Amino acid sequence: MTQIGILALQGAFTEHARALQALGVTTTFVRTAADLTDLDGLVLPGGESTTMRKLLTRENLLAPLRQLIHQGLPTFGTCAGLVLLSQPDALNGLTGDVVRNGFGRQRESFETELTLQGLAQPFPAVFIRAPYLKTVGPDATVLAQIDHRIVAAQQANVLVTAFHPELTADTQLHAYFLKHFVTKS
Amino acid sequence: MTTETATLKVKRGMAQMQKQGVIMDVANVEQAKIAEAAGAVAVMALERVPSDIRTAGGVARMTDPAMIQSIMDTVTIPVMAKVRIGHFAEARILEALGVDYIDESEVLTPADDNYHIQKADYKVPFVCGCRDLGEALRRIGEGAAMLRTKGEPGTGNIVEAVRHMEKVQTQIKQVVAADPEQLMTIARDLKAPYELVQEVHAAGKLPVVNFAAGGVSTPADAALMMNLGAEGIFVGSGIFKSDNPEKFAKAIVTATAHPTDYALIAKVSSGLGNAMKGIELSTLTEAEKMANRGI
């Protein structure tokens, strides 16, 4: 049985659990280093990246998480998760130049239909005070852009989106993560 | 490709991103920096914390936009600000300023004793206080995208917030357990929109996030509220009226993120110094109670 850990310090972790459970996998919440055993994959949810970063540091989770990701643990980060994964001094899972709150303040938050490389159907993407990637490294593949801002990408075992698939009923992206990163079937 | 701003999902989703976090009242740039460094998920910019509003007396209004702007320029986390109940002009000003969330708040002196703001009409989402499920659903009906208990602001006394959270949770259970044909009578008794009562019955929960507010002053208070069903915490006077704001802020953030890890909460609660002094509620007159404000 596939088991996915979801970082549950702050943010929309229950929403990710609902999406993953709908696809038939088991989920556990990660709050301490002890919760990092026997995981087939990891999800870093949307939330406040500065808060999550401080809590990761305070609970001594930053180093063990970074190590697991570098060892190849399949990892999916959304919004704040993208920020943490692309900051070199945080989790450093994807090479890229991240711009926090890149689309503006809450007033400018938006929904749009997004075409992603690798997905059959357009995806209902919810952007909330969202970041974007200005550039990514040569090992990364861009999956979607809005006005030349990279909003979805992957690199080796890491998948990131600037928007929140956990806020919609569409499970295409969670299924994509499970299929191409976790089970590789 | 159609792009839409200010949708229900975007407004409610913003509050979902704040879950299991602490939103802190701050009265200046220095306090905002302390809150952000402690791990707050947002700050609430206001002229005075609620306990100082009580002391100062007089009419409490929206904060000077220049002060809110200076805080928006300082921190990267979301900035919220308060308007008086029913004061739609103050709300339009905050919307024009670009704050991330507006709190239509009983902490300020109400501007309208008949009507709340029609919150669905704004680009910026709103949070409102509630004492029971009826009040919660009326606010959602007007367009609130986030709720919080009212508690009794500025008292450092958690008892009212506990009452409000327990009441809402109990009433949700009653709505869920009811038969569909009972829902109209329940809606009448709660003075709540029927469609929203149906929605709670079907979903088993509120359609928006519900935080605790009003009287949280220690890490243990935060843990108590999280275990009663709060999805996050607002702290007003509790941080900057304590002996050591930096330590209190950090400890309350940790307790909110780990609400059942009591060994950890014991550790972060140790040697904090004095919490805010607080007020026993029986010493307040009915007129002095802020929770009674609003319709």
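Residues numbered from 1 in each chain as written. Chains lettered and ligands numbered in written order. Predicted model: local features only at pLDDT ≥ 70, side-chain atom pairs only at ≥ 80, totals over all residues. Heavy atoms only, no water.

**Things to note about the overall build of chain B**
Using the following cut-off: The helix count covers DSSP runs of H or I at least four residues long, the strand count covers runs of E at least two residues long, and both are numbered beginning at the N terminus. Values of the radius of gyration come from C-alpha atoms, whereas the globule rule sets the reference at 2.2 Å times the count of residues to the power 0.38. The Shrake-Rupley method, run with a 1.4 Å probe sphere, supplies the accessible areas, and residue values consider only the shown protein chains as cover. Counted as positive: Lys and Arg. Counted as negative: Asp and Glu, with His and the chain ends omitted from the count. Charged side chains are reduced to one point each, which is NZ for Lys, CZ for Arg, CG for Asp and CD for Glu.
When helices and strands are counted, chain B shows 13 helices and nine strands. Relative to its length of 295 residues, chain B is compact, with a C-alpha radius of gyration of 18 Å against a globular reference of 19 Å. Along the three orthogonal principal directions, the C-alpha set of chain B runs to about 55 × 50 × 40 Å. Of the roughly 11400 Å² that chain B leaves accessible, carbon and sulfur atoms contribute 52%. Within chain B, one finds 31 positive and 36 negative side-chain charges whose respective centroids are separated by 1 Å.

**Considerations on the pairing of strand β4 (residues 75–78) of chain A**
All names here are of chain A. Our working rule: Type-normalised accessible area, obtained with a 1.4 Å probe on protein chains alone, sets the label of each residue: buried when under 20%, exposed when over 50%, and partly exposed for intermediate values. Pairing between two strands is assigned when DSSP locates at least 2 bridges connecting them.
Alternating positions in β4 separate into two faces, Thr75 and Gly77 on one and Phe76 and Thr78 on the other, with burial throughout. Bridge analysis of strand β3 (residues 41–44) against β4 gives three bridges, and the strand direction is parallel. The partner of Leu44 across the bridge, within β4, is Gly77. By the bridge criterion, four bridges tie β4 to strand β11 (residues 158–161) in an arrangement that is parallel. Counterpart to Thr75 in the pairing with β11 is Val158.

**Brief notes about the packing of helix α2 (residues 29–38) of chain B against helix α4 (residues 65–74) of chain B**
Residue and element names in this part refer to chain B. Filter applied, for reference: Axis definition: a line fitted to C-alpha atoms, over the contacting stretch in the case of helices. Angles run 0 to 180 degrees between N-to-C directions. Left-handed describes a crossing whose near helix is turned anticlockwise from the far helix through less than a right angle; right-handed describes the clockwise counterpart. Any two residues whose heavy atoms approach within 4.5 Å are treated as being in contact.
At a closest axis distance of 9 Å, the pairing of α2 and α4 adopts a crossing angle of 35 degrees. Regarding α2 and α4, the two cross each other, and that crossing is right-handed. From α2, Val29, Ala32, Lys33 and Glu36 reach across to α4, where they touch Ser70, Ile71 and Thr74.

**Things to note about the pattern of salt bridges**
A side chain with one charge may pair with a side chain of the opposite charge, provided their charged atoms come close. Using the following cut-off: Counted as salt bridges are all cases of a side-chain nitrogen of Lys or Arg within 4 Å of a carboxyl oxygen of Asp or Glu.
Counted under the stated rule, the structure contains 21 salt bridges over all chains. Between B:Asp100 and A:Arg129 there is a salt bridge; the shortest N-O distance is 3.0 Å. One end of the pair, B:Asp100, is in the loop between α5 (88–97) and β5 (101–105); the other, A:Arg129, is in the loop between β7 (123–127) and β8 (132–136), on a second chain. This pair shows no difference in class: B:Asp100 is buried, exactly as A:Arg129 is. Salt bridges here are not isolated pairs; linked through shared partners, they connect B:Lys82, B:Asp103, B:Glu106 and B:Arg148.

**Side note on the interface of chain B and chain A**
Filter applied, for reference: Using a 1.4 Å probe, buried area is obtained as the accessible area two parts lose upon being combined, added over both of them. Pairs of N or O atoms are called polar contacts if they sit within 3.5 Å, as long as, within protein, a hydrogen donor faces a hydrogen acceptor (for residues adjacent in sequence, only side-chain-to-side-chain pairs).
Each partner contributes to the interface: chain B provides 43 residues, whereas chain A provides 37 residues. Taken together, both faces of the contact between chain B and chain A bury some 3200 Å²; the carbon and sulfur share is 52%. For the pair chain B and chain A, the number of links is 29 residue pairs in polar contact (both at pLDDT 80 or more). Those elements giving two or more residues to the side of chain B that touches chain A turn out to be β1 (3–5), α1 (8–16), α2, α5 and α12 (245–257) of chain B. The pairing of strand β6 (residues 110–114) of chain A with β1(B) spans three bridges and is classified as antiparallel. The residue bridging A:Thr112 from the neighbouring strand is B:Thr3, located in β1(B).

**Quick look at helix α2 (residues 49–58) of chain A**
Turning to α2(A), its buried residues number three or more, namely A:Ser49, A:Thr50, A:Thr51, A:Met52, A:Leu55 and A:Leu56. Those residues of α2(A) that are buried are in contact with β1 (3–7), α3 (62–70) and α4 (80–86) of chain A together with α12 of chain B.

**Concerning the UniProt feature "binding site: L-glutamine" (unreviewed entry) in chain A**
What counts here: UniProt positions are given in the numbering used here, feature names are shortened, and annotations may be inferred rather than shown by experiment.
UniProt marks A:Gly47, A:Glu48, A:Ser49, A:Arg100, A:Ile128 and A:Arg129 with the feature "binding site: L-glutamine" (unreviewed entry), using the numbering shown here. Their sequence span is 83 residues, while the largest C-alpha to C-alpha distance among them is just 12.6 Å; these annotated residues converge on one region. A relative accessible area of 10% means that A:Gly47 is categorised as buried. In contact with A:Gly47, not counting residues within four places along its chain, are A:Gln10, A:Gly11, A:Met52, A:Ala80 and B:Met17.

**Thoughts on the sheet that holds strand β8 (residues 209–211) of chain B**
Pairing between the strands of a sheet comes from backbone hydrogen bonds, and it takes one of two forms, parallel or antiparallel. Residue and element names in this part refer to chain B. Across the sheet, which stays open at both edges, the eight strands sit in the order β8-β7-β6-β5-β4-β3-β2-β9 with parallel pairing between neighbours. Each having just a single partner strand, β8 and β9 (233–235) make up the two edges of the open sheet. Averaged over all neighbouring strand pairs, the angle between strand axes comes to 30 degrees, with direction disregarded. Here β5 runs beside strand β6 (residues 126–130); their pairing, made up of three bridges, is parallel. Considered in β6, the bridge of Glu104 is made with Cys128. Against the sheet, helix α6 (residues 133–142) touches β6 and β7 (146–149), its axis set at about 160 degrees to β6.

**A word on the nonpolar core**
Rule in force here: Working definition of a nonpolar core: buried Ala, Val, Leu, Ile, Met, Phe, Trp, Tyr and Cys residues. They are joined through side-chain atoms within 4.5 Å.
If you look at the biggest cluster of nonpolar residues, it comprises 107 residues, and the most contacted ones within it are A:Leu116, A:Phe127 and B:Met225. The element contributing the most residues to this core is helix α5 (residues 172–183) of chain A, with six residues. Listed in part, the 21 residues of the second largest apolar core include B:Met44, B:Tyr101, B:Val127 and B:Ala213.

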